[in-house]
Amino acid sequence: MNLRGPIVSVGEARTVSTSYGERDCREVRVRPDRGAGEPVDVTLWGKWTETAEHAETGMELLVTETEEDEYRGEVGYATTDESWVVLEPDFLVDVTGIRSWVQCPRMYYLNKLSGIPLNYPVVKGTIVHEVFGDLLRGVDLEASIADRVDEAGLELGLLGYEREEVEDEVRRNAAAVEGWLAQGTLSDEDTWRSEFTLISPTFGLKGRADALRRGTPVELKTGKNTKREPRFHDKVQAACYALMLDERGVDPDIGTLLYTKNTALDRNEESGDLAPAKEFTVGRGFLEFVVRERNALAAMEWRALNDPGERPTVPTGYEADATCSYCFEQDACMVVSGRLDQESKAGQIGTPVPDEERDYFDRFYTAIEEERRETHAEYRKLWEQTPEERAADDRALIGLEPAGQTEIDDARWELRARKPGDAVSKLREGDVALASDGDPVSGHAELGRIVELGGDEVVVEADEPVELRRLDVYPSEISVDRSLTALHDAVLKGNEARKDVLFGRREPAFRDPADRSTGSPGPADPDAPEAYIDNNDAQNEAVELAVDAEDCALIHGPPGTGKTYTIARTIRALVAEGNRVLLSAFTNRAVDNALEALRDQGFDDVLRVGTETGVRDDMRDVRLVQRGDPNAKAAELRDAPVVAATTAACGSRVLRECEFDVALVDEASQLTEPGTHAAINRADRFVLVGDHEQLPPVVRAENDLSTSLFERLIDAYPEASVMLDRQYRMSQRIQAFASAEFYDGALRPATPEVAGQTLADLGVDPDALAPELTGGVGFVDPAGERDGNRNVREAERVAAVVDAYVAAGVDPDDIGVIAPFRAQVAEIGRRTDVTVDTVDRFQGSSKEVIVVSLVATGDLDGPIFEDHRRVNVALTRAKKQLTIVGDADALGFDPFYARLLEWARR
DNA sequence: TCTCTGCAAAGAGGA
């Protein structure tokens, strides 16, 4: 039987005489059934005692195939020859992580911290892998090479490579693959499968095998290996895939490594076996070694978060016997050790960063790793929840009926399926999702992009064909990984002047306005216009502040205050002074909105970096296509005066190669500090635009990530900020509450017209409506009952209110409904055709008439009501009429909501 | 049961 649960205590190591001779063993006491059962002892025999050395109280332990055994008169359990022992199985280690861990645990840590930068061997390696996959799919070699090199145009250009030389090199590598494939092994194509995604709940592993041949893993390496044996860590990587296949009952006995630089031409007797393919036996002992190494890694990661020590546990390099002088990462290793004052086998270079920076690094490192655990918890739901639970959780579309797999351009596949009419989920067009044959964990699953999700059909694009029966939200670690590299870059590579400001050692500096260059408004040029923006003092001041900032400027933009317009004007002013500007924001939508404003002001010399589906249709014409001639592509990116991308994209390999004078970040109050660093690391100066009285960053774990850099800096340096104080959206009556509660009464309507707008302006006769639905702000109490996150009666009443507005002559397109919960959004959505959405999704937009459904009855317990910033967003979306539907009694229990009620009923 | 947007990911190498 399998035993699984948290460790209660770890016993002493012992050596026991058995009928097999002297054997090591060690007892570990666990609370089985994930902590629900009574503690029992498990005896770990033989080499599993090495895993016991890493075990600590509180870690989760899984032992499979145990047998009952008696020790000191107590019934316990023990490992058998069939047992696997897994520490922290919920921590999903990537196979490439194990590979570098086995080389040197510190290399694993460094790769995680600093990311893999853009470099030629990796780009070339990726191309050769793609070509390998194409060959297995039967694509013509020359066509594949030309296509794959073309696809990597931008990256190759940035690295200074010409198309022909890369094609030649890829051709040489591919020849080895082709030669091997030609040796008869490919006669039956069915025994091949390229790019196989594997997730292992038992071993806590995930990864993607290059190929499977007759159920055995094949790994492609674009290097040379003149030894008879494959490199050890390459074998470890292939063995990881073998292990995961083993879990699926495939039981591979060999693994193959294909070294593509080994060609027949190089063959010479002295250097040994230069054939590209090297097979090796995957024995039980080797697989156990791989599991033990994974356990050591998982234990280190556990200690980094759970050890009571002041600083996170970090590998030193002494754990392995690798020689530092041979290591390519030696310099990076020493620099990191030196800057963070870490113990390391390679030694240290340079002076440690000041204490406050090290504390900052440690705090955020821990916070990001906590976020990683939350992502792993999302993975766990893939196998712990039934498909029905997943669907009920809105995290999967199930019950799909395959309706065709078609090969399209670039050797990709278009998967179609019919979906049940009522199926809803948080999946949307353009999302990356896990497409599977019904079981994403032990069945066949591929990562793909959702192309179409309307009506009764789903269309997904993937590298490999899949019988599309289920589509799951994919819990990607990419934002976690990019946060870590952004943190690394900010603290270890950031310049000192920048860090002085970030760490409170110096006030942000601003140049004398007299130094503004000619052509810009201001004292330097008497003929220039008097102001950047002549009808709004705060907006003009914001542009001036941003233009004069020598470190940073902070623009605080409450709802409707013309934030986007100001951003566009600021960028134009910065470019006019010769600056190269990076425009960024958390969401694609905000990036495109800012870009739209910029283009509306007549500035079109922009480059949008982002995925095809992420970029809005009307910005496609300025989108950077990465495919093409290397030099032309690199020039396109390097020469653009304005580059626009999400902060996630700013952390990508390509944009990490770029430099800017100024980074301007919109929606900065919704970004974590590392998320903000990803953008501002790229520039000398930065401008943050946001409103910390609206929604904060979305993070799963409550920690340092919950506060934005924008908020921290605006508190620390109020004089480096400007608040836009005139709003162009809401009537006087609507804005009053938000202004008083969130902006100290400083928010005012920009014009009398804005202040005085009413429903009558829409051609509606207010007398045709019930009094509580008119007058700018109203309150309706339907006496409903909250049921989970829904309130059916309230939903009915909301729909009736919407109907009343429509009947009175309001255009349905001018009405929006906002609810705090997705469940209530769905409930209301069933009853009306107008736009219904959550508060979070409504941020950034507005409607003439807004109806808010509060859902809560009885009391206002629950995190969603405790964050008043969310209420601020909900109440500031309406221009002419805001109608709040909710339970008056519940609101009365909380002073804030009581004031809200009083205002709404006045 | 609170809210949820980004992201293909994995990709190399010498004594």
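All values reported here derive from a predicted model rather than from experimental measurement. (Residues numbered from 1 in each chain as written. Chains lettered and ligands numbered in written order. Predicted model: local features only at pLDDT ≥ 70, side-chain atom pairs only at ≥ 80, totals over all residues. Heavy atoms only, no water.)

A. Here's a closer look at the confidence of the model for chain A. Looking at chain A as a whole, its pLDDT mean stands at 89, while 96% of the residues score no less than 70. Counting contacts from residues 265-272, a segment whose pLDDT is below 50, to residues more than four positions away or on other chains yields 9 contacts. (pLDDT = per-residue confidence, 0-100. Contact = heavy atoms within 4.5 Å.)

B. Representation of the packing of aromatic side chains. Applying the stated criterion across every chain, the model contains 18 aromatic pairs. Here the aromatic rings of Y360 and F503 are separated by 5.0 Å at their centres, their planes lie at 85°, and the arrangement is edge-to-face. Taken together, the residues span a long stretch of sequence, with Y360 in helix 12 (residues 355-384) and F503 in the loop between helix 15 (496-502) and helix 16 (537-548) at a distance of 143 residues. As far as the burial class goes, Y360 and F503 line up, both buried. Ring centres of F896 and Y897 lie 5.2 Å apart, and the angle between their planes is 85°; on these two criteria the pair is classed as edge-to-face. By relative accessible area, F896 is classed as buried at 4%. Residue classification places Y897 among the buried residues on the basis of a relative accessible area of 2%. (Phe/Tyr/Trp six-rings, centres within 6.5 Å; stacked < 30°, edge-to-face > 60°. Helix = DSSP H or I, 4+ residues; strand = E, 2+ residues; numbered from the N terminus. Buried < 20%, exposed > 50% of the residue type's maximum accessible area, 1.4 Å probe, protein only.)

C. Geometry of the sheet that holds strand 2 (residues 21-30). Sheet architecture is open: 7 strands sit in the order 5-6-3-2-1-4-7, paired in mixed fashion. Unpaired on one side and paired on the other, strand 5 (67-71) and strand 7 (85-87) mark the two borders of the sheet. The sheet shows a mean angle of 35° between the axes of neighbouring strands, direction not considered. Pairing geometry for strand 4 (residues 60-63) and strand 7, over 3 bridges, is antiparallel. Each bridged residue has a counterpart across the sheet, and for L62 the counterpart in strand 7 is V86. (Pairing = 2+ DSSP bridges. Axes fitted to C-alpha atoms, helices over the stretch in contact; angles between N-to-C directions.)

D. Structural view of the pairing of strand 16 (residues 412-418). By the bridge criterion, 6 bridges tie strand 15 (residues 401-408) to strand 16 in an arrangement that is antiparallel. Within the sheet, the bridge partner assigned to I408 lies in strand 16 and is R412. Two strands pair when backbone bridges link them, and strand 16 and strand 19 (residues 457-462) are joined in this way by 6 bridges, in the antiparallel orientation. Residue R418 lies in a different strand from strand 19, and its bridge partner there is E457.

E. Representation of helix 29 (residues 868-875) within the structure. With respect to burial, helix 29 is a largely interior element, 6 of its 8 residues being buried. Where helix 29 is concerned, the buried positions are R870, V871, N872, V873, A874 and L875.

F. Expanded view of the UniProt feature "domain: DNA2/NAM7 helicase helicase" (unreviewed entry) in chain A. Here, the residues flagged by UniProt with the feature "domain: DNA2/NAM7 helicase helicase" (unreviewed entry) are residues 536-624 and 630-700. Between the end C-alpha atoms of residues 536-624 there is a gap of 35 Å, over a span that is 44% helix and 15% strand. (UniProt positions renumbered as here; feature names shortened; annotations may be inferred.)

G. Quick look at the pairing of strand 24 (residues 642-646). Extensive coverage of strand 24 is indicated by the burial of 5 of its 5 residues. Residues V642, A644 and T646 point to one face of strand 24 and V643 and A645 to the other, with burial holding for every one of them. Note that strand 22 (residues 581-585) and strand 24 share 5 bridges and pair parallel. Each residue of the ladder has a partner; that of S584, found in strand 24, is A645. Pairing analysis gives 3 bridges linking strand 23 (residues 606-608) to strand 24, with the strands arranged parallel. Looking across to strand 24, one finds that R608 is bridged to A644. The handedness of the strand 23 to strand 24 crossover, carried by helix 19 (residues 630-639), is right-handed. (Right-handed = clockwise from strand over helix to strand, strands pointing away.)

H. Molecular detail of the pattern of salt bridges. Applying the stated criterion across every chain, the model contains 81 salt bridges. The salt bridge partner of R372 is D481, with a shortest N-O separation of 3.1 Å. Pair noted here: R372 is in helix 12 and D481 is in helix 14 (residues 478-493), with a separation of 109 residues, a long-range link. Residue D481 is classed as partly exposed on the basis of its relative accessible area of 33%. As a salt-bridge pair, D787 and R790 come within 3.1 Å of each other at their nearest N and O atoms. On the accessibility criterion, R790 (30% relative accessible area) is partly exposed. (Salt bridge = Lys/Arg side-chain N within 4 Å of Asp/Glu carboxyl O.)

I. The environment of V780, seen in detail. Relative to the helices and strands, V780 is located in strand 30 (residues 777-780). By relative accessible area, which is 2% here, V780 ends up buried. Spatially, the C-alpha atom of V780 lies 8.7 Å from that of R797, the residues being 17 residues apart in sequence. For V780, the contacting residues outside a window of four places in its chain are E772, L773, R797, T883, I884, V885 and G886.

J. Spotlight on the domain arrangement of chain A. Structurally, chain A comprises domain 1 (3-87), domain 2 (95-290), domain 3 (305-380), domain 4 (389-478), domain 5 (494-724) and domain 6 (732-905). Centre-to-centre, using C-alpha coordinates, domain 4 lies 36 Å away from domain 5. (Domains from an automatic or database assignment.)

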